[in-house]
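Listed below are the residues making up each chain.
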Amino acid sequence: IEKIEANSDVGYAIVLLTPDDVGGVSGGDVSARARQNVIWEWGYLVAKLGRNRVACLRKGDVELPSDLHGIVRIDVGQDIRNQAAEIAKELRAAGYHLNDQ
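Below or above, wherever it landed, is the structure these notes cover.

Quick look at the overall build of the protein now. Along the protein, the regular secondary structure elements total three helices and five strands. By principal-axis analysis of the C-alpha atoms, the protein measures approximately 50 × 30 × 25 Å. Across the 101 residues that make up the protein, the buried fraction comes to 32%. Looking at the protein as shown, the accessible area adds up to about 6,900 Å², and 48% of this sits on carbon and sulfur atoms.

Locating Arg58 in the fold gives a position in strand E4 (residues 54-59). Side-chain polar atoms of Arg58 contact the backbone oxygen of Val62, separated by 2.9 Å. For Arg58, the side chain forms a polar contact with the side chain of Asp75, separated by 2.8 Å. Apart from residues lying up to four places away in sequence, Arg58 is in contact with Leu17, Leu64, Arg73, Ile74, Asp75 and Val76.

Take the pattern of salt bridges next. Overall, the coordinates contain five salt bridges when judged by the stated rule. Across the salt bridge formed by Glu63 and Arg33, the nearest N and O atoms sit 2.7 Å from each other. Taken together, the residues span a long stretch of sequence, with Glu63 in the loop between E4 and strand E5 (73-76) and Arg33 in strand E3 (residues 31-33) at a distance of 30 residues. One salt-bridge network, held together by shared partners, links Arg58, Arg73 and Asp75.

This part is about the pairing of E4. Counting buried positions along E4 yields five of six residues, so the element is predominantly enclosed. As defined by bridge partners, strand E1 (residues 13-17) adjoins E4 across five bridges and the pair is classed as parallel. Bridged to Val15 within E4 is Cys56. The sheet contact formed by E4 and E5 spans four bridges and is parallel. Of the residues in E5, the one forming a bridge with Leu57 is Ile74.

To continue, consider the environment of Lys89. Of note, Lys89 is situated in helix H3 (residues 84-93). Using a relative accessible area of 56% as the deciding quantity, one classes Lys89 as exposed. Separated by 26 residues in the primary sequence, Lys89 and Glu63 have C-alpha atoms spaced 24 Å apart.

Parameters at a glance
Residues numbered from 1 in each chain as written. Predicted model: local features only at pLDDT ≥ 70, side-chain atom pairs only at ≥ 80, totals over all residues. Heavy atoms only, no water. Helix = DSSP H or I, 4+ residues; strand = E, 2+ residues; numbered from the N terminus. Buried < 20%, exposed > 50% of the residue type's maximum accessible area, 1.4 Å probe, protein only. Areas by Shrake-Rupley, 256 points an atom, 1.4 Å probe, with all protein chains shown as cover. Polar contact = N/O pair within 3.5 Å; in protein donor to acceptor, adjacent residues only side chain to side chain. Contact = heavy atoms within 4.5 Å. Salt bridge = Lys/Arg side-chain N within 4 Å of Asp/Glu carboxyl O. Pairing = 2+ DSSP bridges.

Okay, structure coming up:
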């Protein structure tokens, strides 16, 4: 937590969810999940910055906590550059001026 507190004086955050863990209800099916610390850090950043200042890039079929479904989520494939326009749109909506190249 100290690292994220020390480095969270930012105006916008992008969280990357990758299928690094698996989990599920005890005795039920398991599914791909992001590391639980990443989910916690995502929530911390949303609380600190506000929902409109945090975007989630989700790679693969990663399970999302139901409480986080209303937050900006951008699904990415192998090459994140394919979603550059969508990421730029979210940054502009948060008040950032970008130089398109």
